[in-house]
Amino acid sequence: MFDREADRWAIPQSRFAPQPMPSFGKVLRPVFESMQPTRESIERMRGKVDGPMPERFDTVRRWGAYTTHRDPVLGLFAGYVMPNAKDPEDGVWGNRTTDPRTGAALPDDRLKVGAASSTHCTTT
């Protein structure tokens, strides 16, 4: 069974046509500017840093956005420089799932019924 297709069936409000990559200035930039690394990513870096962990991460090493015809939401990610990292190549990551039509944040698990669990589906 195709998990994303099952998701679209099980969650009708998630059914919208695949969208083109939205404007950087109007949709993507505000999301990237408000994004921060995930708590899990920060926790994985503890012990790999000389000194205290920063409260905020402002230096972005790389960022990206993607969408597919099977999963019409927009996935965004950003990799941040970790100040005082023992290995300067180490960093932390943030991610966000958004509606590509508006840039509004979506819960990361909102559109994953088929992949996460079959308890949401019933058969007769």
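Residues numbered from 1 in each chain as written. Predicted model: local features only at pLDDT ≥ 70, side-chain atom pairs only at ≥ 80, totals over all residues. Heavy atoms only, no water.

**A short note on the overall build of the protein**
Here is the rule: A run of DSSP states H or I qualifies as a helix once it reaches four residues; a run of E qualifies as a strand once it reaches two. Both are numbered from the N-terminal end. Accessibility here uses a 1.4 Å probe with only protein chains present; expressed as a share of the type maximum, an area under 20% marks a residue as buried, one over 50% as exposed, and anything in between as partly exposed. Contact definition: two residues touch when any of their heavy atoms are within 4.5 Å.
Counting its regular elements, the protein contains four helices and four strands. In the protein, the order of α-helices and β-strands from amino to carboxyl end is α-α-α-β-β-β-β-α. The buried share among the 124 residues of the protein stands at 34%. Across the protein, every contact between residues at least 6 apart in sequence was considered, and the portion connecting residues at least 24 apart equals 60%.

**A few points about the environment of Ala65**
Positionally, Ala65 belongs in strand β1 (residues 60-66). Ala65 sits in the partly exposed class, given a relative accessible area of 26%. With 33 residues separating them along the chain, Ala65 and Phe32 place their C-alpha atoms 9.9 Å apart. Ala65 has contacts with Met21, Leu28, Leu74, Gly75, Leu76 and Phe77, leaving out every residue within four places of it along the chain.

**Digging into the environment of Arg101**
For clarity, the threshold we go by: Between N or O atoms, a polar contact is any pair within 3.5 Å; within protein, one atom must be a potential hydrogen donor and the other a potential acceptor, and residues adjacent in sequence are included only when both atoms are from side chains.
Examined against the element boundaries, Arg101 turns out to sit in the loop between β3 (91-98) and β4 (105-106). The spatial distance from the C-alpha of Arg101 to the C-alpha of Val73 is 8.9 Å, given a sequence separation of 28 residues. At 2.7 Å, the side chain of Arg101 and the side chain of Asp99 are in polar contact.

**Some details on the pairing of strand β2 (residues 74-81)**
Cut-off, in case you're wondering: A pair of strands is considered paired only if DSSP assigns at least 2 bridges between the two.
Of all eight residues that make up β2, six are buried, and the element is covered over most of its length. The sheet contact formed by β1 and β2 spans six bridges and is antiparallel. The residue bridging Gly64 from the neighbouring strand is Phe77, located in β2. With eight bridges joining them, β2 and β3 adopt antiparallel strand pairing. Bridge pairing in β3 places Leu76 opposite Arg96.

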